Amino acid sequence: MSDLTFDNNDESNNVETAKAENTGMNLQQGTELIKTLSENINKTLIGQSEIVEMALTCLLAGGHLLIEGVPGLGKTLLVRSIAKSFAGEFSRIQFTPDLMPSDVTGHAMFDPKSEKFRIRKGPAFTNLLLADEINRAPAKTQSALLEVMQEKKITIEGKSQPVSSPFMVLATQNPLEQEGTYPLPEAELDRFLMNVLIDYPAIEDEVALVKTITTGEIDDSILMRELTAVTDPDSIIALQNLASSIMVDDALFDYAVRIVAATREWSGVQMGASPRASIALIRAARALALVRGSEFVTPDEIKAVALPVMRHRIVLSAELEIEGIGVSQVIADILAQVAAPRD
Amino acid sequence: MDLEKMTAKVRPRKGWEAIDLGVALVQQHAISLYKIWFLITLPFFVVVAILLFDYAVWAYVAFWLLKPFWERPLLHFLSRELFGERLSVKECVKSFFQLAKIQWFPSITWRRLSFTRSLDLPIIQLEGLSGGQRSQRLKVIHSIGSGSAVWLTIFFVFLELVFYFAILALAFLLLPTQFSESLDFWNWVAADSEEPWAAMVLNFVYYCGVSIVAPFFTACGFALYINQRTHLEAWDIELSFKRLAKRLNEQGEPPLVRLASIVCAVGLSVMLLMNQPVNAYESTEQQNELSSEQQVVQAEIDQDKSVPEDETVDSYSIDNLDHASANRLIDEIMDSEDFNETLEDFRFERRFDSDEEKSLENSSSQFSTWGLLFAKFISFIVEFALWVVVAVVIIFLITRYRHLVTGLSPNLKNKKSRPKQLFGLDMSSEELPDQPWQVAKSMIQAKQYREAMSLLYRASLIWYMDNTDVVIREGDTELECLKKLKTFGNQFSGDYFSRLTQNWRRLAYAHQLPDSNVLTELCDQWPDAYVKPMGLNQDEEQTNE
């Protein structure tokens, strides 16, 4: 053994413990709570643990989630199970071509009895809002979500009203059917923190799912029936605060911004990601670190969230699309070429 | 022209892929292209239609003849757009007369009927060459095949006809029955009507058909031109070099490395130029200079080998070399000693077709025909088996004694493939101290904990890169490195690297210093993990020998 001496008061030895002091929840409690939440949701949504992890990351980062996948993969079930797990309010809007903005946000109606206008709140006044098949409604209706997604407020008759907290929009899109759909405008897409693709479960998971649902049951309600609330909305807010205090080294801020900036200079990318993507990248990486039980962010978390965070914020040139090169491949190339931070 | 700004992926394409790219260009810029087209052609068409109302055929001929002029602003727009420069419609329209002046007479006379018009237009308009240089350039661009451009022209001629008849048929179908019954469709289609307005309507239909097709024709021709240049001038390789140079610059490469890169790039360029066909390097003035130099060098080589010393190099330059003297020179070379030397060589072989064998065969005293074939078959099998044995022995020797080869030329392969810098760390083992763990210890004593950990981590990575075939990319994170490296080395070095990575990550990203014992252990165990295993292996091998 050598005769080394350590100065514990050294500046570099200052340990920043992630703790949301105003909420009273420390990292260990937070990690345990997230683990319980995750296990609870995974009981219902069998074989989609990665999607559950991303959904929880998005929830803890205070963002909104856009889920793409073919019908029958459990997109709605995911939202319902998250809502039930923290005893939050849940609303579902099935977007259709004739849906009006007021059907989402609410409207003022005349009450003959009181001879006054009364505000009738729409389904957006909730904790978790499922916008099912969001691209089936025209841009006018889609835009009704812009304000509530960004500011978490809804203006009806000139009066702003806050929505419940925590608030999260989970929108779904079907990638197969393009007939009669309206692509989401860039401004709307940019407001989603993440865009995840939900894929088919593994064979053994699907077997377990089918066995659970069909044995002694006449419908699919068993999945939701078995689900219990394991926490409350206030704890989710505490977890969000905890996530925001997860430590990020300066080199990682630089790394995240370099990744986003690379999309703007990349050959074949018509529109790169905006600074909002850099913010989203760090926010999501912090939340993912918390979900994984870490008290600090590493480049791995940033790389893990880079694809879902940037996938919907990049527009490829027509030439690249003709070549059959997709956004995922471009982002993978960028991640491989942007140097990971070390010193 | 900045290739890095090119919005399409730079790669050599097949003809149909290049045409696909042209179609994609029009799809992307359709509004601007059609605006430019109609702003230029529609006024002309209206004016000609009015002036030549009674001579509709001449109006048609005038519009058809001047078509190369109409396509030029479209090409002007596309050529800028592909390289990331945005031109407004107004700018393109304003440049029409200036562009129309370039090679105007050939364009509407002999080049008007050229099947490769779409491919030639970019050369004439964009390269700004004249006279012989332009002809040479056209030859060069055509040298690797212009079949796609020919088929493109044929296809679009038919497409124009299809649109012409389709529009007429549509109009005919939409006419009320009382009109259509009294109208002779074929007379109408064939412009056989004596009514001038009817002929002018047909002209307009033709104009509509051409208008739909023209931007696609121009863009596809331009895409073919870009593709020919990508093939000839290796744009994709050039772009890769530029990116490489940019990355090296960003990483602050030492001047020596930069110099070496430049030398490599220049060397490769010269090799590429030397391998190109003769026409390819006669395309531009600069390349002409290069070709002249190469010819002089070649003449010098020839002179050394076979030409009498009193003849000068200039006498063999291309300018002075006519057909007769070239033949004379070839004859001289062929008559020289180098080509007439007689070498005697001998070897032993069994000749089954020799006279002796034939006589033996005829006599059927020893071998029958079947026996001979069987012997041939056996000899083939034996020869094949022997070669297999030799190959197996060579592979075995290389595998068994590869450390001796690496000992003779230490880690040449690894040094070549390994970058000097990786994720901000200096990856050159020359820069690494001989005993990194000792230096790390002294750094810890000097309270340079971060630097000490960094040195240990860097030294470990370098060890793996020097002693294994692992490939680490710039974008790899510590965990990804760990995942790749854990399978290499022995159990202890794997566990050690795992602990080192864990502690390094906590220090780097959480600013959490490892416990003093852990730091000391990491320093002390570094040689156990990486130095001793190598030493043991070498000792074992020496003992075996």
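Residues numbered from 1 in each chain as written. Chains lettered and ligands numbered in written order. Predicted model: local features only at pLDDT ≥ 70, side-chain atom pairs only at ≥ 80, totals over all residues.

1. Concerning the overall build of chain A
Quick note on the threshold: Strands here mean DSSP runs of E at least two residues long; helices mean DSSP runs of H or I at least four residues long; both are numbered from the N terminus. With C-beta atoms placed from the backbone, a residue is labelled by how many other C-beta atoms lie within 10 Å of its own: buried for 20 or more, exposed for 12 or fewer, partly exposed between the two. Placing a C-beta atom from the backbone of each residue, one calls two residues in contact when those atoms lie within 7 Å.
In terms of regular secondary structure, chain A is built from 15 helices and 13 strands. A total of 343 residues make up chain A; the buried ones form 43% of that total. A sequence separation of at least 24 residues applies to 78% of the contacts in chain A between residues at least 6 apart.

2. Describing the overall build of chain B
Counting its secondary structure elements, chain B contains 27 helices and two strands. Relative to its 545 residues, chain B shows a buried fraction of 24%. Once local pairs closer than 6 in sequence are excluded, the contacts in chain B between residues at least 24 apart make up 67%.

3. As for the UniProt feature "transmembrane region" (unreviewed entry) in chain B
Residues and elements named next belong to chain B. Selection rule: UniProt positions are given in the numbering used here, feature names are shortened, and annotations may be inferred rather than shown by experiment.
Under the UniProt annotation, the feature "transmembrane region" (unreviewed entry) is placed at residues 36–66, 149–175, 204–226, 256–274 and 377–398. Helix makes up 84% of residues 36–66 and strand 0%, with an end-to-end C-alpha separation of 16 Å. Along residues 149–175, the helical share is 96% and the strand share 0%, with 39 Å between the first and last C-alpha atoms.

4. Description of the packing of helix H2 (residues 30–51) of chain B against helix H13 (residues 196–233) of chain B
Residues and elements named next belong to chain B. This is how the line gets drawn: The convention used is that axes are lines fitted to C-alpha atoms, helices contributing only their stretch in contact, and that angles between N-to-C directions extend from 0 to 180 degrees. Just so you know how the angles are binned, under 35 degrees is roughly parallel, over 145 roughly antiparallel, 65 to 115 roughly perpendicular, and the rest oblique. The handedness criterion is simple: a crossing whose near helix is rotated anticlockwise from the far helix by less than a right angle is left-handed, and one whose near helix is rotated clockwise is right-handed. Only Asp, Glu, Lys and Arg are considered charged, only Ala, Val, Leu, Ile, Met, Phe, Trp, Tyr, Cys and Pro nonpolar, and every remaining residue, Gly among them, polar.
Contact geometry for H2 and H13: axes closest at 11 Å, N-to-C directions at 160°. Judged by the inter-axis angle, H2 sits roughly antiparallel to H13. As for how H2 packs across H13, the hand of that crossing is right-handed. Within the contact between the two elements, H2 uses Leu33, Tyr34, Trp37, Phe45 and Ala49 and H13 uses Met200, Asn203, Tyr207, Ser211, Ala214 and Pro215. Tallied by class, the residues present in the contact of H2 with H13 amount to nine nonpolar, two polar and no charged.

5. Regarding the sheet that holds strand E3 (residues 65–68) of chain A
Strand pairing in a sheet takes place through backbone hydrogen bonds and is either antiparallel or parallel in direction. Residues and elements named next belong to chain A. To keep it simple, the criterion reads: DSSP calls a pair of strands paired once it identifies at least 2 bridges connecting them.
Reading across from one edge, E4-E7-E10-E3-E11 is the order of the five strands in this open sheet, with parallel pairing throughout. One side of each edge strand has no neighbouring strand; the edge strands of this open sheet are strand E4 (90–94) and strand E11 (194–197). Looking at each pair of strands side by side, their axes are set apart by 20° on average, direction ignored. Both E3 and E11 contribute to a ladder of four bridges, which runs parallel. Bridged to Glu68 within E11 is Leu197.

6. What about the confidence of the model for chain B?
All names here are of chain B. Let me state the cut-off plainly: pLDDT runs from 0 to 100 and stands for how confident the predictor is about each residue.
Chain-level pLDDT for chain B is 76 on average; 71% of the residues reach the 70-or-more range. Mean pLDDT across the elements of chain B ranges from a minimum in helix H16 (residues 285–306), with 42, to a maximum in H2, with 92. Low pLDDT, under 50, characterises residues 536–545; the stretch is placed with one contact to residues that sit more than four places away or in other chains. Taken together, the chains of this predicted complex give a pTM of 0.54 and an interface ipTM of 0.74.

7. Concerning the pairing of E3 of chain A
Residue and element names in this part refer to chain A. Side chains of E3 alternate between two faces, with Leu65 and Ile67 and Leu66 and Glu68 buried alike. Looking at chain direction, E3 and strand E10 (residues 168–173) are connected through four bridges and run parallel. Each residue of the ladder has a partner; that of Glu68, found in E10, is Gln173.

8. Some details on the nonpolar core
Worth spelling out the cut-off: The nonpolar core criterion groups buried Ala, Val, Leu, Ile, Met, Phe, Trp, Tyr and Cys residues into a set whenever they are joined through C-beta atoms within 7 Å.
Core analysis: the biggest nonpolar cluster contains 125 residues, and Ala55, Leu65, Leu281, Ala284 and Val309 of chain A together with Leu456 of chain B have the highest contact counts within it. Excluding its chain neighbours within four sequence positions, the residues that come into contact with Leu65 of chain A are Ala55, Cys58, Leu170, Phe192, Leu193, Met194 and Val196 of chain A.

9. Focus: unusual backbone geometry
A cis geometry characterises the amide bond from Ser165 of chain A onward to Pro166 of chain A, with omega recorded as 0°. Note on placement: Pro166 of chain A falls in the loop between strand E9 (159–162) and E10. Notably, Glu133 of chain A is not glycine yet its phi reads approximately 50°, a positive angle. Structurally, Glu133 of chain A can be placed in the loop between strand E7 (128–132) and helix H5 (139–142). Despite not being glycine, Lys447 of chain B has its phi angle at roughly 65°, a positive value. Summarising the element assignment, Lys447 of chain B is placed in the loop between helix H23 (436–445) and helix H24 (449–467). Classification of Lys447 of chain B as partly exposed rests on a count of 16 C-beta atoms within 10 Å.

10. Side note on the packing of helix H10 (residues 233–244) of chain A against helix H12 (residues 275–291) of chain A
All names here are of chain A. Between H10 and H12, the least distance of the axes is 8 Å, while the angle of their chain directions is 110°. Taken together, the axis directions place H10 and H12 in an arrangement best described as roughly perpendicular. Helix-helix and strand crossings are classified by hand; for H10 and H12 the assignment is right-handed. Here Leu242, Ala243 and Ser244 of H10 come into contact with H12, specifically with Arg286, Ala287 and Leu290. Looking at the contact of H10 with H12, its residues break down into four nonpolar, one polar and one charged.

11. Quick look at the pairing of strand E6 (residues 116–121) of chain A
Burial analysis of E6 of chain A places just zero of its six residues in the buried class, which makes it a mostly uncovered element. Where strand E5 (residues 106–111) of chain A folds back onto E6 of chain A in an antiparallel hairpin, the turn is made up of four residues, including Glu115 of chain A, whose phi is positive at roughly 55°.

12. Considerations on helix H1 (residues 27–44) of chain A
All names here are of chain A. Applicable threshold: Expected span of a helix, by definition, is 1.5 Å for each gap between consecutive residues, and there is one gap fewer than residues. Here the arc refers to the set of directions running from the helix axis out to each C-beta atom.
The first and last C-alpha atoms of H1 sit 26 Å apart over 18 residues, in line with the 26 Å expected at 1.5 Å per residue. Taken together, the buried positions of H1 are occupied by Gly30, Ile34, Leu37, Asn40, Ile41 and Thr44. Each buried residue of H1 sits inside an arc of 125° when the element is viewed along its axis, so together they form one side. Of the exposed residues in H1, those oriented more than 90 degrees away from the buried face are Gln28, Glu32 and Lys35. At its buried positions, H1 is contacted by strand E2 (25–26), helix H2 (49–60), helix H3 (75–85), helix H9 (222–225), H10 and H12.

13. Observations regarding H24 of chain B
Every α-helix carries 3.6 residues per turn, so stepping three or four residues along brings you back to the same face. With 19 residues, H24 of chain B extends 27 Å between its outermost C-alpha atoms, agreeing within 8% with the 27 Å of an ideal straight helix rising 1.5 Å per residue. Of all 19 residues that make up H24 of chain B, 15 are buried, and the element is covered over most of its length.

14. Some points on the environment of Val291 of chain A
By secondary structure assignment, the location of Val291 of chain A is in helix H12. Separated by 231 residues in sequence, Val291 of chain A and Leu60 of chain A have C-alpha atoms that sit 8.5 Å apart.

15. Concerning the environment of Pro436 of chain B
All names here are of chain B. With respect to the helices and strands, Pro436 occurs in helix H23. Linking Pro436 and Trp526, residues 90 residues apart in sequence, is a C-alpha distance of 8.4 Å. Leaving out residues up to four positions away in the same chain, Pro436 has contacts with Leu455, Leu456, Ala459 and Trp526.

16. Looking at the confidence of the model for chain A
All names here are of chain A. Mean pLDDT over chain A works out to 84, with 92% of the residues at or above the 70 mark. Per-element mean pLDDT across chain A ranges from 45 in strand E1 (residues 19–20) up to 94 in H12. Low confidence marks residues 1–22, where pLDDT is under 50. Its contacts with residues over four positions away, or in another chain, come to 37 contacts.

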